[in-house]
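If you want the building blocks of each chain, they are given just below.
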Amino acid sequence: FIGSTWYRFTDTVAECEGFTTMEGRFSQKFDSPHAIGTLGSHPIQGDAWHLNMYDLSKGPGRQVIPLIAMTSFDHRGATGPMLLLRSITLNFVGEERITVAAGTFDALHFKYGVNEDDVSEDPSKHPPYHVWTTADGEYIFLKGHVTGYMKTHYELAELVKEDGLG
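Every value quoted in this text rests on a predicted model; they were computed, and no experiment measured them. (Residues numbered from 1 in each chain as written. Predicted model: local features only at pLDDT ≥ 70, side-chain atom pairs only at ≥ 80, totals over all residues. Heavy atoms only, no water.)

1. Some thoughts on the environment of Tyr 54
Piece 1. Structurally, the position occupied by Tyr 54 is in the loop between helix H1 (44-49) and strand E5 (61-70).
Piece 2. Classification of Tyr 54 by relative accessible area gives buried; the value is 3%.
Piece 3. Spatially, the C-alpha atom of Tyr 54 lies 8.5 Å from that of Val 64, the residues being ten residues apart in sequence.
Piece 4. Excluding its chain neighbours within four sequence positions, the residues that come into contact with Tyr 54 are Gly 59, Pro 60, Gly 61, Arg 62, Gln 63, Leu 90, Asn 91, Phe 92 and Phe 110. (Helix = DSSP H or I, 4+ residues; strand = E, 2+ residues; numbered from the N terminus. Buried < 20%, exposed > 50% of the residue type's maximum accessible area, 1.4 Å probe, protein only. Contact = heavy atoms within 4.5 Å.)

2. Things to note about the nonpolar core
Piece 1. Leu 51, Leu 90, Phe 110 and Tyr 112 are the most contacted members of the largest nonpolar core, which totals 18 residues.
Piece 2. Elements supplying a minimum of two residues to this core: E5, strand E6 (84-100), strand E7 (103-112), strand E8 (129-134) and strand E9 (141-146).
Piece 3. Not counting the four nearest positions on each side in its chain, Leu 90 is found in contact with His 50, Leu 51, Met 53, Tyr 54, Gly 61, Arg 62, Gln 63, Ile 65, Lys 111 and Tyr 112. (Core = buried A, V, L, I, M, F, W, Y, C linked by side-chain atoms within 4.5 Å.)

3. A few points about the pattern of salt bridges
Piece 1. In this structure the tally under the stated criterion is three salt bridges.
Piece 2. Where Arg 25 meets Glu 17, a salt bridge forms, and the shortest distance between an N and an O atom there is 3.1 Å.
Piece 3. Arg 97 is paired through a salt bridge with Asp 106; the nearest N and O atoms lie 2.7 Å apart. (Salt bridge = Lys/Arg side-chain N within 4 Å of Asp/Glu carboxyl O.)

As structure tokens, then:
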């Protein structure tokens, strides 16, 4: 057990009530001039869903999302859960056709982060993280690759779509 937290978001408030083994019982509340863009709670599929904040009409490039909420600043989400606010930099590399174990897909290729060449072994710096999602507007995670100290590769092995569920 690391912790448990209840979250509430409105157009102008982000708040939580929680308990963690490190912090004990806590309450957090942040007022914001605009709605929080997304909640980063560290599931792999979440890494793909956040990318829908990128305005694809502007084409490949870099966009900064000014305010998102995170449950943990640990790169693998191994602390918390708390309420932490930050900005995030998204890079759209372009459209690609890729093949993974689950099949061949038209994909959108993104990269998280600012530094293109940082393959740091320093765990306080998140190394570049490339993510490919479906290009159908659902942003289903297809493949991900993290360099640097994380040296991680993820790939969709199977995609099952049931009638009535999308």
